[in-house]
Structure formats: structure tokens, C-alpha cells
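# Commentary on secondary and tertiary structure
Residue strings, one per chain:
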Amino acid sequence: MEKREQMDKPLRDLIEIIHFTENVSARTHGVLDEAEIYRAAMEEFAKSKRYTASILVLTDDRLKLRIAGASIPPEKVKAGEEVTRLRLKEYEIDLSKSSIYSQVVREGKTVQANVSYIIGELFPRPLASLISKTMGYEKKSSILTPLRRRGKIIGVLAMSSTDLAEYFITSVRNLAQHISTALELADENAERKRVEEELRESNRQLEGRERLITHILDSIPSSLVVFDRALRVVSTNRNFLEKTRREAQDTLGHKLEEVFPQVLMEYTQLAQKAQDVFRTGQLVEGGQLSYRAPGLSTRIYYYRLIPLLALSRACPEPSRRTEGTEEAVENMMLLMDDITEREKLGEEMRRAERHLASVVECANDLVVSMDPQGHIVTWNQAAEKTSGLKTEEVKGQSLTSLCATEQQQVMAKMLQGLARGESIQNVEVSLFTADGREVPIAWSCSPMRDDAGEMVGIVTVGRDLTEQRRLETQLLQSTKMASLGVMAGGIAHELRNPLGIILASAQLLQEHADDAQLHTQCAEKIHAATQRASLIIENLLKFARPTGERMREVDLKAVLEETLALLAHQMTLQKITLRKEFQPDLPRMYGNPALLQQVFTNLILNARNAMPQGGALTVVTQATEAGLASSRDSARGVEIRFSDTGHGIPPENLPKVFDPFFTTMPVGKGTGLGLSISYSIVQQHQGTIEVESQVGKGTTFTIRLPGTSDGR
Amino acid sequence: MEGESPRILVVDDEPDMCWALENILRPAGYAMTATTSGAEALKLLDGEPYDVAFVDAKLPDLDGLELAALIRQRSPHTAIVLISGYFYQEDRSITEGLEKGLFIGFISKPFDLEEVRLMAHKAVERAR
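A brief look at the structure comes next.

Definitions and limits used
- Residue numbers restart at each chain and count upward from 1, following the sequence in its written direction.
- Think of it this way: whatever chain is written first is A, whatever ligand is written first is 1, and the rest follow in order.
- Confidence filtering applies because this is a predicted model: local features only for residues at pLDDT of at least 70, side-chain atom pairs given and counted only at 80 or more, and all residues used for totals across whole chains, interfaces and linings.
- Only hydrogens and water are removed before side-chain values are computed, so all heavy atoms of the structure are retained for them.
- Each nonpolar core is a collection of buried residues, namely Ala, Val, Leu, Ile, Met, Phe, Trp, Tyr and Cys, held together in the definition by side-chain atoms within 4.5 Å.
- Only protein chains enter the accessibility calculation, which uses a 1.4 Å probe. A residue is then buried if its area is under 20% of the maximum for its type, exposed if over 50%, and partly exposed in between.
- What counts as a helix is a DSSP run of H or I of at least four residues, what counts as a strand is a run of E of at least two, and both are numbered from the N terminus.
- By definition in these notes, contact holds between two residues if any of their heavy atoms fall within 4.5 Å.
- The working definition used for a salt bridge is a side-chain nitrogen of Lys or Arg within 4 Å of a carboxyl oxygen of Asp or Glu.
- Here the arc refers to the set of directions running from the helix axis out to each C-beta atom.
- For helices, the axis comes from a line fit to the C-alpha atoms of the stretch in contact; other axes are also lines fit to C-alpha atoms, and the angle between any two N-to-C directions lies between 0 and 180 degrees.
- Every angle not falling under 35 degrees, over 145, or within 65 to 115 is termed oblique; those three ranges are roughly parallel, roughly antiparallel and roughly perpendicular.
- Only Asp, Glu, Lys and Arg are considered charged, only Ala, Val, Leu, Ile, Met, Phe, Trp, Tyr, Cys and Pro nonpolar, and every remaining residue, Gly among them, polar.
- Two strands pair if DSSP finds at least two bridges between them.
- By disulfide we mean two sulfur atoms from cysteines, separated by a distance within 2.5 Å.
- Once two parts are joined, some of their accessible surface, as seen by a 1.4 Å probe, is lost; buried area is that loss totalled over both.

## Examining the nonpolar core
Ranked by internal contacts, the top residues of the largest apolar core, which has 39 residues, are Leu556, Phe600, Leu617, Ile640, Phe642 and Ile703 of chain A. Those elements that place two or more of their residues in this core are α20 (556-573), β18 (576-582), α21 (593-610), β20 (615-624), β21 (637-644), α22 (674-684), β22 (688-694) and β23 (698-706) of chain A. Here this core takes eight residues from α21 of chain A, the largest share from any one element. In contact with Ile640 of chain A, not counting residues within four places along its chain, are Leu556, Leu560, Phe600, Val619, Val620, Thr621, Phe701, Thr702, Ile703 and Leu705 of chain A. The next biggest cluster of nonpolar side chains, apart from the first, holds 31 residues, and it includes Val10, Trp19, Val116 and Ala123 of chain B.

Set out below in C-alpha cells:
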């Protein structure tokens, strides 16, 4: 201090102002807030006893200046406000009123002026002098210099003192320059911060999006590998890593051939295909590939190569993507869908289908499927073989039209029944073959329904009965011969009677050559006895003759009478009384008379065997009202009952009587086939046969046969 | 043969067979009666004595062998001849019946007239 006082005043002032300027510069440098800069500067000014300073900044319209900071002591401000009744802090200087300020901010000049003069321009005279007086401005002068920010004048720095030398101007300018620098620095900082913040924000957004994309990629249930033009993996997803049991670090950045096994690369020609896609920009539907990760089972994938266009090109003009040229495709995505299960399922389905088809094709039985109207859709090998008709020949034809002419009605009726909602139907109808034969077939038809229960077709399985019929015929013939053996004794006796009469009459004729009356009698007896003998033989031959195969309309009563005639004598011999209770006008029926006669013969002979001591056999026929369960419609049927008064069948044998080879007769006396053949014959006629028996009282066999439908 | 003609009864369910036997034997001097049922035959035997009975082995109401046994019981002096189209000479029933004397002869159908006449003659001899 002492040293300073020894210095001359201008130098001291200069040092002070330099020192002061340095302080302001130090205080404001790096301060980021504009107001804070002004405040710090003012604080430094306030430390000075000799100078006051103020900073005024232009308003937005640049027509006024407002006080941004001032180093005027508060008590002086207060005194001034009391005198002027103005709020000086908020006082704005109207540039149009002040030539001094206008010169500074409009022309960029640094101006030195008397403070009273400046005040005088702004306020009316008495008020101006009052302000100058109160504030002590009378002897002060100010240096006003423009305050710039980035070269643009934003306001004014004013410094006032009682003694301001010319050389202060440079210092004030310097000071203003320092403040400007601080402001600009603040601006730069703010800008940098803003940019940094923007960057951070965009980074945050980017990170968020990246995370979202990664999340999306990881959530895709397909394997995904993105690689660049050098076939290096750029990105992949969790699905791929898990499926291939790879780690991200030994996948990302690696070439495709390091990621996929060589065999796979060669098999799929992946590299070649990728190059093509890079060249053409066209998506490639690759096809299937198998990949087996270590420790896992082989998976089958469907893969696609999807070109990814360069972002800059892809974004603005998506419509031009297809025209993408070489540069356009930057990356490629290999998308692999795991189709193992689907393939397995498909394979299983195909296998099941093949199996099913071969089951149908290889079946020994005819398998025919039809539409609901009965038109053939499929026709298997057995059907082709049996009929001699190829699938192409029968497709679309109705099955009915392929049946034997007189049985077409039966087939048509059954198909109609199915269409009406009836369930499985069994029927025997002959098929007309390519070479004009008729093959007997047992058909079992059932409707095919969809999930809604709607009938979508008919499937029928047919069994060629030719062989069965042949065996049946053989068997029938053998049993017939067996029956003949049983009958032989009785028949011989029956023949010996007329023979005896004929022989006796012939001899009488010879002996009594002259007795005309006896001659006539003898001739008559010979005639009658010969006729009787020949009838017996005729019946016998009829019975022994092999059975014809065809069903026709049958007069059941006639068949029964014929059978009974053949066996009547047997009955007589064994003192069996025959009672016939035949209902007239039985419903007509379809059948094979020879077969039915065999059934009746078997039952009558059985009855005879059951009555060695004689008895009664009652044969009853009557119409049944209700149809049979096995019959297709509710037409009337016929019931035939054979009741004997024989020894009966023990209950334990009753269920076995229709079994083949079941017999209680001594060996050589009965085949044990009679009833089983009868059973099968009745079944062929779609009838039923039942037995009731009581030991010691007798047995009743009841046959029920369906009549032809009423409409016929 | 003195006195009245020997009486012969024919039992056969076949009327024409009865007719034949009657026409064979009546000219030979026998008194012929015929019936087609066993019961009727027994009734006739109860009424009058018969020297010979020609019995058919199978009758609708009675077995011929049974009828023979009944006749033997009721009319022991009637000689019985079994006649049949069912049995043969070698059949057990026939050989046994002959051995036991149930019937004195057997004729199988068809037969020779001479055979019938011889058998009738033999039977009448036996009966008297």
C-alpha cells in the first residue's frame, strides 16, 4: 500500500485496472451461465472504491437496454429510488432517447461521456439533476464500450469514475473483451454440452433400440445368422446359438465356414448361394438342411437367404430395393426354421398313409369306396382281380350297375339305406365280371362320416365267396351223401313193396292166362306200383343231385312237402306221426330250394334220430309280422318250426349243436355237420335258426327267413 | 286136406300187397282174410281161429315182430310167417325169431309165388 502511494496516480490507476481486469477474467472464465458472469464481474467492480461499472444488455427487440448488473452500492440505489420513485434495477434505457448508448450499440464505438449528460438525455431536467446529485454522478464520467458475443453486439459495458483518463479506454475495451470471451466460452461449453447431451441421448436411444432388436431377434423361434460380404458373421440370435451349441464370441466375426461344418457348407453350397444373393439382391428360398450340434440329435431346417440392403439405400426408397445392385446388399440374413417336428410328423403321416394304402391295396378282400350316391371312387387290387375290371374302367360308375342284373335291386336298396342314415349293412350280391361271369360276394358296407357326422362317402368290403361256396357245396354234398346212407334202408324197403307187388302181379298174369278180370287188376297194380317206385327214385335223385348256386323265388310250402314226401316212409317205419300245420299264403321269399331242402332234411332226420321209440313230429309254417333283425327292411317273414317229442338235448350240449362236427351219434352214424351246415345255409338266406329243448320232452328248431319286400 | 279149407290171415299195411297174397293163395284152396293194421289183426284172431298168419314186419301201429309175439300169446296154434321188404333172411332179428320159433318162416319182398305157396303149405302142416 505504502509503495503504491508513492507511485504516481495514473500508473496506480492503470495497475489497478489491469489487476481488476485480471480478476474479472479469472472469475468469469469457465463460468457457464451468462447471468453468473455478469454477477461475478459486478462483484469484482464492487470491490473497487473508485470505479463503478454496469452491464446493460439489449432487449430482444434491440430497441432498449436493460441493466444486467451494476456495482452501485445498494444504499445509493435505494436513495436514488426514493428520490425518483423509480425502480432503477428494472429501468430500461430507450435507445431512441440516448445518443450515447445508440452510438455504442448501433455503431460499435467506445464513447467517453459525462454521466450527468447521459442521465440528462434520459430523464427530464429536474429529475435528471436530482438523480445525478443523489447518486453522485455530477463529477463522474463514463467509458461505454460495446459488449460482444460471437462478434455480435449484445450490450454495453460502462465504467464510471470521477477521473477517467483517456488511456482507460483500452482497459475498458479489454475488460469488455474478457467478458465477451467468458460469454463465448460459456456458449461453446453450452453448445458442447448440448451436443454431448444429444449424443448421449441418441446413444441411449440407439442402445435402447439395439437392445430391443436383440431382444426381438432372441425371441424369434428361428435360427438367424447375419453375415457380411466377406461371409463373416455380423449378428446372430439366441435360438441359433442354443441350437448349434455355440458361444457368441466364437461365432460373431467368424467366417461362415468356421461356424458351419464343412459337409454342410458343401452340401448346401451356402457360400455360392450367398454370393449369388449379394450379386442379384434376390431372396433365395434355400431348401432343407440337416445340422447336428455336438451332443444333440440332428435337426432339420428350412433355410432362406434374405438380402439386407445398405441402410442409407434401404431407408429412403424402399420401393427401389428390388433393383438393388451390387453395392445395395450389404449384409445377408440366413434364416433357419427348425422343421424337424413337422418333417417327422409329415414323414409319419406319409408312412401311415402309405401303410394304409398298402393295407387296402394288399387286402385279399375287395375294398371299394364310393361317394354318397354310390359312385365308385377307389377300387383296390383285389376288386380288380376279382372283377377283371381296372380302376379306370369303374371309376365314377355306380357299384349297383356292376352287380348281377337280378340282384342290382338289393345293392341299390342297401346303398339307399346307408344314405338314409342306417349303419353297417351286410348283403350277398354277385358281381358281374369282365368275362361275363358272376362272382358271389359278401358285402359289408358302412358310411364314412366327417367330423360333423355328415355322410361323405360309403366304404364297402367285399369277400369273394367263390371258394367258400365251392367248399360249402362239397361239404353239402358229403352231408347229403351221408343223409342218403341213413335213408338208404328205408328207401330200399319202400322200393321193395312196389317191387313185390309188381313181381307178384306179373306171375299171376302168367299163371292165370284165361282170367281177364285178374289180368286187368294185375295190369293196374303193376302200373300203380311202378309209378310209386319211380317217384321214390325221382325224389331220391333230386335230393342227391348237386345243388344249383342261384337264389330264386321259392315256394316254401312246395319245398317242405317235397322233403316230407321223401322222408315220410322213414317216419312211418319208426312209428313217427307227422303233423303238418301249414299256413296258407305264406309271404314269398328268395332262396335256394335245394339248400333249404337240405336244411329241412337235416332237421327231420335229427328229429327221427331223437325218437327211436316213435313219437310225433310237428312241422309248422307261419308268416311273421315284424321283420328280422338281420333283414334290411321290415317286410314280413316266414317262420318254420320243427317240434319233436324225442329225448331232447341236455342243456350243456345246447350251445354246441350248431358247431361243426358236434355229434352225439356213434362214430360212423353221423357227421356232426348237419346242423352246422343248416346254420350256414339259413345265414346265407339272411335268416336265423334257434333251438329250444327239454330233456325227455322234445326239441324245437325254429327257422326264421325274411320274405321279399312287400313292394315286389 | 279134409274138411274145411285152411284159414289164412294176411296183415300188411299195403292194400295191394294184401290183394296179391289173396290172389296167390285163394286159388290154392285157402280161405283168405286180410287187414292193413295190427290192431285189426288181433281183433280178428280173437274172433276166429286162423291156421296161418302172414305178417308184414313193419306196420304203422305195431312192429311186425311185436305183433308176432302177441299172436303167439293169444293164438298159440297159429303158425306165423314174417314177410318183409325191410329185413333180409340173414338179419339178426329174423334168424333169432326163427330159432325161438316166434315165426316158422320168412319171406322177403319181392317174392316168388311158388315160395309163398310152399310157405303156406308148410305152415298149415305145422299148425295142424
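Next comes the rest of the description.
## Concerning the environment of Val461 of chain A
All names here are of chain A. Positionally, Val461 belongs in strand β16 (residues 455-464). With a relative accessible area of 35%, Val461 lands in the partly exposed category. Linking Val461 and Ala383, residues 78 residues apart in sequence, is a C-alpha distance of 9.6 Å. Beyond its immediate chain neighbours, meaning those up to four positions away, Val461 contacts Asp365, Leu366, Ala442, Trp443 and Ser444.

## Concerning the pattern of salt bridges
If you walk through the whole model with that rule in mind, you get 45 salt bridges over all chains. Of the charged contacts in the structure, one is a salt bridge between Glu347 of chain A and Arg354 of chain A, with a shortest N-O distance of 3.7 Å. Of the charged contacts, one joins Arg74 of chain B and Asp46 of chain B as a salt bridge, the two residues approaching to 3.2 Å between their closest N and O atoms. Of the two residues, Arg74 of chain B sits in helix α3 (residues 64-74) while Asp46 of chain B sits in helix α2 (residues 38-47), which places them 28 residues apart along the sequence. Relative accessible area serves as the criterion here: at 46%, Arg74 of chain B is assigned to the partly exposed category. A cluster of three or more residues bridged by salt bridges with shared partners is formed by Arg27, Glu36, Arg39, Glu43, Glu44 and Lys47 of chain A.

## Side note on helix α4 (residues 74-84) of chain A
Two residues of an α-helix separated by three or four positions point the same way, owing to the 3.6 residues in each turn. Residues and elements named next belong to chain A. Those residues of α4 lying buried are Val77, Gly80 and Thr84. All buried residues of α4 lie within an arc of 65° about the axis, which places them on one face of the element. More than 90 degrees from the buried face of α4, the exposed residues found are Pro74, Glu75, Lys78 and Glu82. In this structure, the buried residues of α4 make contact with α7 (125-135).

## Describing the packing of helix α1 (residues 15-25) of chain B against helix α5 (residues 113-127) of chain B
All names here are of chain B. Here α1 crosses α5 at 70°, and the two axes come no closer than 10 Å. By the angle between their directions, the pair α1 and α5 is classed as roughly perpendicular. Contacts between α1 and α5 involve Leu21, Ile24 and Leu25 on the former and, on the latter, Leu113, Val116, Arg117 and Ala120. Taken together, the residues that form the contact of α1 with α5 break down as six nonpolar, no polar and one charged.

## Things to note about the environment of Arg39 of chain A
With respect to the element layout, Arg39 of chain A can be found in helix α3 (residues 34-47). As for Arg39 of chain A and Ser71 of chain A, which are separated by 32 residues in sequence, their C-alpha atoms are 9.2 Å apart.

## Considerations on the sheet that holds strand β4 (residues 79-84) of chain B
Residue and element names in this part refer to chain B. Taken in spatial order, the five strands of this open sheet run β2-β1-β3-β4-β5, and their pairing is parallel. Single-partner strands in this sheet number two, and they are β2 (31-35) and β5 (105-108). Looking at each pair of strands side by side, their axes are set apart by 20° on average, direction ignored.

## A look at the state of the cysteines
Under the defined criterion, the tally for this structure stands at zero disulfides over all chains. The thiol of Cys445 of chain A is unpaired, and the distance to the nearest cysteine sulfur, on Cys403 of chain A, comes to 9.3 Å.

## Concerning the interface of chain B and chain A
How big an interface is tends to be stated in terms of the accessible area lost upon association of its parts. Contact with chain B, which involves 26 residues of that partner, is made by 22 residues of chain A. With both chains or domains summed, chain B and chain A bury close to 2,100 Å², and 58% of this area falls on carbon and sulfur atoms. Counting the surface chain B buries against chain A, the share from its top three residues, Asp16, Trp19 and Leu113 of chain B, is 28%. For the interface between chain B and chain A, the tally reads three salt bridges. Secondary structure elements with two or more residues in the side of chain B that touches chain A: α1 and α5 of chain B. Per-element accounting of the side of chain B that touches chain A gives the leading share, six residues, to α1 of chain B. The residue makeup of the side of chain B that touches chain A, split by class, is 14 nonpolar, four polar and eight charged.

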